[in-house]
Amino acid sequence: MSMESAGESRAVEPRTAAVVPAAGRGVRLGPGAPKALRALNGTPMLVHAVRAMARARSVSLVVVVAPRDGVTEVRNLLDEHTLPDVVVVPGGETRQDSVRLGLAALPEDVEIVLVHDAARPLVPVDTVDAVARAVRDGAPAVVPALPVADTVKEVRPREGGAPEPVTGTPDRSLLRAVQTPQGFARAVLAEAHARVAREGEGATDDAGMVERTGHEVVVVPGHEEAFKVTRPLDLVLAEAVLARRRVTDGF
Ligand code: CTP
Ligand code: MG
């Protein structure tokens, strides 16, 4: 944007960074190493996720938020897999805390931020670039999402497995299941995190926090391979996707 850099096409693009929260334990996956460090076909999930970010044309910097007791292990892992230009910082108690700590590690010149779950290791590069492009084109907040396959019910929750009364059925055609990377103008995401820190009211995703600040959030097409590895069966699916990729593109 400065006079000196006007001739370089790279420099006029707003600088885009990816923050990868990877500090969760993975309780729903069952006992074992922290989820992001669990292997898919021999390679840790986090390595797959960081590679997807690093390969995106739009991304010039990756910040990984590691388990507090796993910073050195993550650093070594990324070096072993020749992903050296990645900043590693320790995470927090909740995903939201971890994202905030990742944002705090960004250099000042970063104008666009993608937040991507380490638990979505197989997101296609084109999805990453499409989200970044939509932010560059002027959207303050962008979420990749897919139509919902199942009909969704609202219930009055009950303890102990007792049948739960249904209180409503939202119109499925209006629902979307959202994925990551979610992309933001940096100032918009920073404002949302500052507000949550002040008012204490969280959200289950970053876009949810931004919605509360009143900025518009838009949806772009997600991808079925951007699914989140949450439960043991998801590991089976992820390894099958990798096997299919190896057959179709020799990767
Ligand atoms: N995450 C994080 N810091 C936390 C909790 C979660 O960085 N304190 C990250 C996870 O590592 C993951 C992403 O947020 O990449 C999405 O969270 P989720 O899928 O819920 O992962 P976990 O919290 O690890 O899993 P679980 O909820 O089953 O324990
Ligand atoms: Mg969790």
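In this text, all values refer to a predicted model and were calculated from it rather than measured experimentally.

In terms of regular secondary structure, the chain is built from eight helices and twelve strands. Taken over C-alpha atoms, the radius of gyration comes to 19 Å for the chain, in line with the 18 Å a tight globule of 251 residues would show. Expressed along its principal axes, the backbone C-alpha trace of the chain runs to roughly 65 × 45 × 40 Å. Taking the contacts inside the chain whose residues are at least 6 apart along the sequence as the reference set, 69% of them involve residues at least 24 apart.

Going through the model one piece at a time under the given rule, you end up with eleven salt bridges. One salt bridge connects Arg136 with Glu13, and the closest N-O pair in it is separated by 2.3 Å. Separated by 123 residues along the polypeptide, Arg136 in helix α5 (residues 125-136) and Glu13 in the loop between α1 (9-12) and β1 (15-21) bring together distant segments of the chain. Taking relative accessible area as the criterion, Glu13 reaches 39% and is therefore assigned partly exposed. Each of Arg95, Asp117, Arg120 and Asp206 takes part in a single network of salt bridges with overlapping partners.

Pro21, Ala23, Val27, Ser98 and Lys228 are the nearest of the 18 residues found near ligand 1. Backbone polar atom of Val27 to an oxygen atom of ligand 1: 2.7 Å apart, as the coordinates give it. Between ligand 1 and Gly92, the relevant distance is 3.0 Å, taken from a nitrogen atom to a main-chain nitrogen or oxygen of the residue. Split by residue class, the shell around ligand 1 holds six nonpolar, five polar and seven charged.

For the rest of this paragraph, the subject is the nonpolar core. By size, the foremost hydrophobic cluster in this structure holds 34 residues, and its most contacted members are Leu46, Val50, Val62, Val64, Val74 and Leu78. Listed by contribution, the elements that provide at least two residues to this core are β1, α2 (45-55), β4 (61-66), α3 (71-80), β5 (86-90), β6 (110-115) and α5. Leave out the neighbours within four places in its chain, and Val50 touches Val62, Val64, Leu78, Leu83 and Val86. Judged by nonpolar contacts, the second largest core, of 22 residues, contains Leu61, Val110, Phe184 and Val196.

In this structure, the largest pocket occupies an estimated 730 Å³ of space. Considering the residues around the largest pocket, the lining is formed by 31 residues, among which Gly24, Arg28, Lys35, Arg95 and Asp117 are closest to the centre. The class makeup of the residues in the lining of the largest pocket is ten nonpolar, eleven polar and ten charged.

Our next topic: the pairing of β5. Sheet topology places β4 next to β5; five bridges connect them, and they run parallel. Paired with Val63 across the strands is Val87, a residue of β5. After leaving β4, the chain enters α3 and then returns to the sheet as β5, a path that is right-handed.

So, about empty space enclosed by the protein. The final tally for this structure, using the stated rule, is one cavity of 30 Å³ or more. With three residues, helix α6 (residues 186-199) is the single largest residue contributor to the lining of the largest cavity.

Our next topic: the environment of Leu175. Tracing the backbone shows Leu175 in the loop between β9 (166-168) and β10 (176-178). Judged by relative accessible area, Leu175 falls into the partly exposed class, the value being 23%. In this structure Leu175 touches Pro147, Val148, Val152 and Pro170, once residues within four positions along its chain are discounted.

On to helix α8 (residues 232-249). Along its 18 residues, α8 runs 26 Å from first to last C-alpha, staying within 8% of the 26 Å computed at 1.5 Å per residue. Those residues of α8 that fall on the buried side of the exposure criterion are Asp234, Leu235, Ala238, Val241, Leu242 and Arg245. The buried residues of α8 occupy one face: seen down the axis, they fall within an arc of 125°. In α8, the exposed positions that point more than 90 degrees away from the buried face belong to Leu233, Val236 and Val247. Buried residues along α8 sit against β2 (39-40) and α2.

Quick look at the packing of helix α4 (residues 95-104) against α6 now. Where α4 contacts α6, the axes come no closer than 11 Å and their chain directions differ by 130°. One way to sum up the angle between α4 and α6 is to call them oblique. The way α4 lies across α6 gives a crossing that is left-handed. From α4, Gln96, Val99, Arg100 and Leu103 reach across to α6, where they touch Arg186, Leu189, His193 and Val196. Each residue belonging to the contact of α4 with α6 can be placed in one class, and the counts come to four nonpolar, two polar and two charged.

Procedures and definitions
- Here the residue index of a chain counts from 1 through its sequence in written order.
- Both sets of labels track the order of writing: A upward for chains, 1 upward for ligands.
- Local features are withheld for residues below a pLDDT of 70 in this predicted model, meaning they are given only at 70 or higher, and side-chain atom pairs are given and counted only at 80 or more; totals for whole chains, interfaces and linings count all residues.
- Hydrogen atoms and water are omitted, and side-chain values are computed over all heavy atoms in the structure.
- In this description a helix means any DSSP run of H or I spanning at least four residues, a strand means any run of E spanning at least two, and both kinds are numbered starting from the N terminus.
- For the radius of gyration, the atom set is restricted to C-alpha positions; the globular benchmark scales as 2.2 Å times the number of residues to the power 0.38.
- Note on contacts: a residue pair is in contact if any heavy atoms of the two residues lie within 4.5 Å.
- Salt bridges are identified by distance alone: a Lys or Arg side-chain nitrogen within 4 Å of an Asp or Glu carboxyl oxygen.
- With a 1.4 Å probe rolled over the protein chains alone, any residue whose accessible area is under 20% of its type maximum counts as buried; one over 50% counts as exposed, and the rest are partly exposed.
- Throughout, near means a residue has at least one heavy atom within 4 Å of the molecule or strand.
- Pairs of N or O atoms within 3.5 Å make up the polar contacts considered here, provided that, within protein, one atom can donate a hydrogen while the other can accept it, and that residues adjacent in sequence are counted only when both atoms are side-chain atoms.
- Amino acids outside the nonpolar list (Ala, Val, Leu, Ile, Met, Phe, Trp, Tyr, Cys, Pro) and the charged list (Asp, Glu, Lys, Arg) are all regarded as polar, and Gly is one of them.
- Buried Ala, Val, Leu, Ile, Met, Phe, Trp, Tyr and Cys residues that are joined via side-chain atoms within 4.5 Å together make up what is termed a nonpolar core.
- Put plainly, a pocket is an open set of points on a 1 Å grid over the protein atoms alone with protein on both sides within 12 Å along at least five of seven lines, a cavity is a set where a 1.4 Å probe fits but cannot get out, and a lining residue has an atom within 4 Å of a point.
- Grid points are joined across faces, edges and corners, and a volume is the space filled by probe spheres set on the points.
- For two strands to be treated as a pair, DSSP must find at least two bridges joining them.
- With the strands aimed away from the viewer, a crossover counts as right-handed if its path from the first strand over the helix to the second runs clockwise.
- To estimate how far a helix should extend, the number of its residues minus one is multiplied by 1.5 Å.
- The arc in question is formed by the directions pointing from the helix axis toward the C-beta atoms.
- Axis definition: a line fit to C-alpha positions, over the contact stretch in the case of helices; interaxial angles, taken between N-to-C directions, run 0 to 180 degrees.
- If an angle is under 35 degrees, it is roughly parallel; if it is over 145, roughly antiparallel; if it lies from 65 to 115, roughly perpendicular; otherwise it is oblique.
- Rotating anticlockwise by less than a right angle from the far helix to the near helix defines a left-handed crossing, while the corresponding clockwise rotation defines a right-handed one.

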